[in-house]
Amino acid sequence: MRTNSRTEDDEVLYRVTECINVLKSSHTSCDQKNRAAETLTSLVHFQNPLFKQHQQALFEINGIDVLISVACEIPQIRRMVFAAVGGSCFFHENISKAVASSKRLLSLIYQLITSESEPEVVQSGGLYVIQNSAANSWDVHPHLFHLIRPILEFYGKSSSPESRDRCMGVFLVLSYNPVSRPHLVEAGVINFFQHLISSEDYPNKVAPAIGIACLVGNDSGENVVDKSTNEVKSDDPNHPLLILKQGFTSYHLIKDIADALYQTLNGRAYRGSFFTPWKIMLGIMNLCDNTVLREYLISEGLFDLLKQALTAKEDPKLVQMSLRTLWKICA
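Keep in mind the model is a prediction, meaning the values are calculated, not measured.

### Observations concerning the overall build of the chain
When helices and strands are tallied, the chain shows 19 helices and zero strands. Among the 331 residues that make up the chain, the fraction classed as buried is 51%. Within the chain, residue pairs in contact and separated by at least 24 positions form 66% of the contacts whose partners lie at least 6 positions apart. Total accessible area on the chain is roughly 16100 Å²; 51% of this is exposed by carbon and sulfur atoms.

Right, dumping it as C-alpha cells:
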C-alpha cells in the first residue's frame, strides 16, 4: 500500500534545500536570503535534535559552496551566513575541511579582520567560522597559519568580549595540535597567553593557561621549544609563564585547571566556558613534565580525575590522553 507521507530524511533534505534555493536564487531579496540563512543556522546548530542530519544534507547538496559564494558576494547578509557556516562545522569534519580549504573564504575573512571599517560583529562572525572549522578538523590547520598574526592584531584593537573570546578560541584550538606549535610561538602567541594570565581584566585564566601548557609544557621560558628534540627541560617550581600578579602563582592556576577538568568530566561549564575534557588533559599531561607542578596536580586530586576519565569509553581521545598522562606520572 502506497503512502504519501514523507520520511524524516525527506523532511530534512527538503528544509535544507529550500534554504539553499532561496540563498542562491537571483529572484529573492536580501531580506528573504537573510531569513533563509537564519533558518539554516537553526537547523545545523548543535542544539537542534536533527542537526547532524541537516549538516549532512547541506554537505551532500554542496550547500557549503553556495554559502561561501553568498558570504563573498552579498555583504548585507554576511553576518547571518557566517553563523550558518560556523554552525555547520560543529562535529562535521568534511564540512570543516571544505570551509577552511576555501581560499576565497579565507581571503574574505582576512580582508574583514584587517579592515578598519568593517562592523566588528561581522568580523567576529568570520572568526567564528575559523574557530569551528579548526576545532573539527586538524587537517586544515596549515591553511590557517597565515591568519595567526592578523588575528593577534585584531584582538588588540577589538572592543568586543565576544570577538576577543573567539580570537582566544582560535589560538587555543591551534595550540592543541603539535604541527601548529612553531607557527604560534613565532607569532608571539605565548606572550599573548601570558599577558592574559597576568591581566586583571581577563577573568577566565584557565584557557590561556592550558594554551601555554600545550605549547611549552614545563619550560622556563628561556628556551620555549627545543627544536632538535621537541622537548622542554626546566624544572622550575613556579612556571614563569603561569605566574599571576598580586601574589598568585602557578599553584592557583593548577587548582583552576584541575577544577575545570572536574567540571567538564561531569558535563558542566567552568565559569561560563565549555572545555573539551581530552584537551584539558593534554595540557595537564604537558604540565606533568615538571615534577613540582606534577605534585601540585596530584594534590588537587589528579588520580581521582584520571580514574574517572579512564572510564569514559564514549570518549576514546580522553582515555588515550589519560593513559599517556598516567604513564608520564608513573615513569
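### Some thoughts on the pattern of salt bridges
Using the criterion set out here, one finds five salt bridges in the structure. Glu116 is paired through a salt bridge with Lys157; the nearest N and O atoms lie 3.4 Å apart. Here Glu116, found in the loop between helix H7 (103-113) and helix H8 (120-136), pairs with Lys157, found in helix H10 (residues 148-157); they are 41 residues apart in sequence, far enough to count as distant. Salt bridges sharing partners connect three or more residues here, namely Glu93, Lys97 and Asp139.

### Thoughts on the nonpolar core
Residues Leu23, Leu40, Leu67 and Val189 are the most contacted members of the largest nonpolar core, which totals 101 residues. Among the elements that make up this core, the one with the highest residue count is helix H14 (residues 206-216) (nine residues). In this view, Leu40 contacts Val16, Cys19, Ile20, Leu23, Leu58, Leu67 and Ala84; residues no more than four positions away in its chain are not counted.

### Structural notes on the confidence of the model for the chain
Should the pLDDT be low somewhere, the predicted coordinates at that spot are not to be read in detail. Across the chain, the average pLDDT comes to 85, with 85% of residues at or above 70. Scored below 50 in pLDDT, residues 218-227 makes 29 contacts in the model with residues more than four places away or belonging to other chains. Low pLDDT (under 50) marks residues 229-238, which in the prediction has 31 contacts with non-local residues, meaning those over four places away or in another chain.

### Things to note about the packing of H10 against helix H13 (residues 189-198)
Axis separation between H10 and H13 bottoms out at 11 Å; the angle between their running directions is 25°. In this view, H10 runs roughly parallel relative to H13, as classed from their interaxial angle. Once H10 is placed against H13, the crossing between them reads as left-handed. Contact with H10, carried on its side by Ile148, Leu152 and Tyr155, involves Val189, Phe192 and Leu196 of H13 and no other residues of that element. Class assignment for the residues of the contact of H10 with H13 results in six nonpolar, no polar and no charged.

Rules and cut-offs
- Throughout, residues of each chain are indexed from 1 in the direction in which the sequence is written.
- Selection of residues for local features in this predicted model requires a pLDDT of at least 70, selection of side-chain atom pairs for listing and counting requires 80 or more, and totals for whole chains, interfaces and linings are taken over all residues.
- Note: side-chain values were computed over all heavy atoms of the structure, leaving out hydrogens and water.
- By definition, any uninterrupted DSSP run of H or I lasting at least four residues is a helix, any uninterrupted run of E lasting at least two residues is a strand, and each is numbered from the N terminus.
- Throughout, exposure labels follow a simple rule: accessible area from a 1.4 Å probe, protein chains only, divided by the maximum for the residue type, with under 20% read as buried, over 50% as exposed, and the rest as partly exposed.
- Between two residues, a contact is recorded if the distance between any of their heavy atoms is within 4.5 Å.
- For every accessible area listed, the method is Shrake-Rupley and the probe measures 1.4 Å; residues are considered covered only by the protein chains on display.
- For this analysis, a salt bridge means a side-chain nitrogen from Lys or Arg found within 4 Å of a carboxyl oxygen belonging to Asp or Glu.
- Among the buried residues, those of types Ala, Val, Leu, Ile, Met, Phe, Trp, Tyr and Cys that are joined through side-chain atoms within 4.5 Å form a nonpolar core.
- Predictor confidence is given residue by residue as pLDDT, running from a minimum of 0 to a maximum of 100.
- Angles here are taken between N-to-C directions and fall from 0 to 180 degrees, while the axes themselves are lines fitted to C-alpha atoms, restricted in helices to the stretch in contact.
- Here the word oblique covers every angle except those under 35 degrees (roughly parallel), over 145 (roughly antiparallel) and from 65 to 115 (roughly perpendicular).
- By definition, turning the near helix anticlockwise from the far helix through less than a right angle yields a left-handed crossing, and turning it clockwise yields a right-handed one.
- Classes in brief: Ala, Val, Leu, Ile, Met, Phe, Trp, Tyr, Cys and Pro nonpolar; Asp, Glu, Lys and Arg charged; the others, Gly included, polar.

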